[in-house]
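Listed below are the residues making up each chain.
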Amino acid sequence: MKVIETVAGMRECRRQTAEPVGFVPTMGYLHEGHVSLVKRAKEENASVVVSIFVNPTQFGPKEDFKNYPRNTNRDLAMLEPFSDVVFMPSDVEMYPDKYNTWVEVNGLTGQLEGASRPGHFRGVSTVVTKLFNIVQPTKVYFGQKDAQQLLVIKKMTADLNINLEVVACPTMREPDGLAMSSRNTYLTPEQRKGAPVLYKALSLARDKWSKGEKDAEKIRLEMNKLIRKEPLAEIVYISIADALTLQEFSHLMQKPALVSMAVKFGKTRLIDNIILE
Ligand code: PAF
């Protein structure tokens, strides 16, 4: 497995990489969710490139960029069996002095995560475009856990005619239902005990919906009630929206619907979602 730290080095390496190339962009501190994306990329391509870059431009000034968990040696050991190349640029390699170009996707970025994290998706779209241009992959793999990010990247790829296929992969969960995330390591043991309430609320929504409840507001209220029973949980949002446009459903819920939420445990902000279709 080659480890490459410069854009020029990645371009040079890319000339010798067997086609098709599967690419998994990450911010490191890998878990089984990331590994499932890398394994899928390996199954479907002749070679696999993974990037590890904690992208400063997608973090707000009060967010956890500085403290975002990092463990490169562990990440590289996890990737060794599945990845051919790891691209690990520095901040200045990606954003040199006087860097001043941004990619913005309108329409899908003002709500949900975008409403709570202004500028987040501008940072994501920009870095992902840069990574796509540097790595030039055939297929790229993203987790369904970041449902809005996935929609934004699909839209951006289509609008900018970027020549690759975006593959959506299922959310990986701990045995108690908690969606895998690098940020789960921030949770105290008490918060960790309460955190499966996100998936419990999503499961409640699925249950109500499959029994015929189609009133989105009623389902939102039930989810809200359930999460409030968990004393350490603080709801940021609960959304039931059109899974393609992210337009919120008020009462009559049509299919497919994205049921998503952000819930804080202390300073740790967890997100999760399911699609009802
Ligand atoms: O999902 C992530 O880990 C990041 O948002 C991504 C796509 C690697 C861009 O920095």
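A quick note: this is a predicted structure, and the numbers were derived from the prediction, not measured. (Residues numbered from 1 in each chain as written. Predicted model: local features only at pLDDT ≥ 70, side-chain atom pairs only at ≥ 80, totals over all residues. Heavy atoms only, no water.)

Re the pairing of strand β5 (residues 139-143)
Along β5, 4 of the 5 residues are buried, which leaves the element largely enclosed by surrounding structure. Where strand β2 (residues 21-26) and β5 come together, 2 bridges link them in parallel fashion. Bridging across to β5, Gly-22 finds its partner in Lys-139. Pairing between β5 and strand β6 (residues 165-169): 5 bridges, direction parallel. Counterpart to Gly-143 in the pairing with β6 is Cys-169. What joins β5 to β6 is helix α7 (residues 147-159), and the crossover it makes is right-handed. (Buried < 20%, exposed > 50% of the residue type's maximum accessible area, 1.4 Å probe, protein only. Helix = DSSP H or I, 4+ residues; strand = E, 2+ residues; numbered from the N terminus. Pairing = 2+ DSSP bridges. Right-handed = clockwise from strand over helix to strand, strands pointing away.)

Here's the deal with the side chain of His-34
Turning to its location among the elements, His-34 is positioned in helix α2 (residues 32-44). Aside from chain neighbours lying at most four places away, what touches His-34 is Thr-26, Gly-28, Tyr-29 and Ser-182. (Contact = heavy atoms within 4.5 Å.)

Digging into the site of the ligand
As a structural note, the neighbourhood of the ligand is formed by Pro-25, Thr-26, Met-27, Asn-55, Gln-58, Val-127, Phe-142 and Gln-149. Take Gln-58: an N or O atom from its side chain is 2.6 Å from an oxygen atom of the ligand. A distance of 2.7 Å separates an oxygen atom of the ligand from a polar atom in the side chain of Gln-149. The class makeup of the residues in the shell around the ligand is 4 nonpolar, 4 polar and no charged. (Near = heavy atom within 4 Å. Polar contact = N/O pair within 3.5 Å; in protein donor to acceptor, adjacent residues only side chain to side chain. Nonpolar A, V, L, I, M, F, W, Y, C, P; charged D, E, K, R; others polar.)

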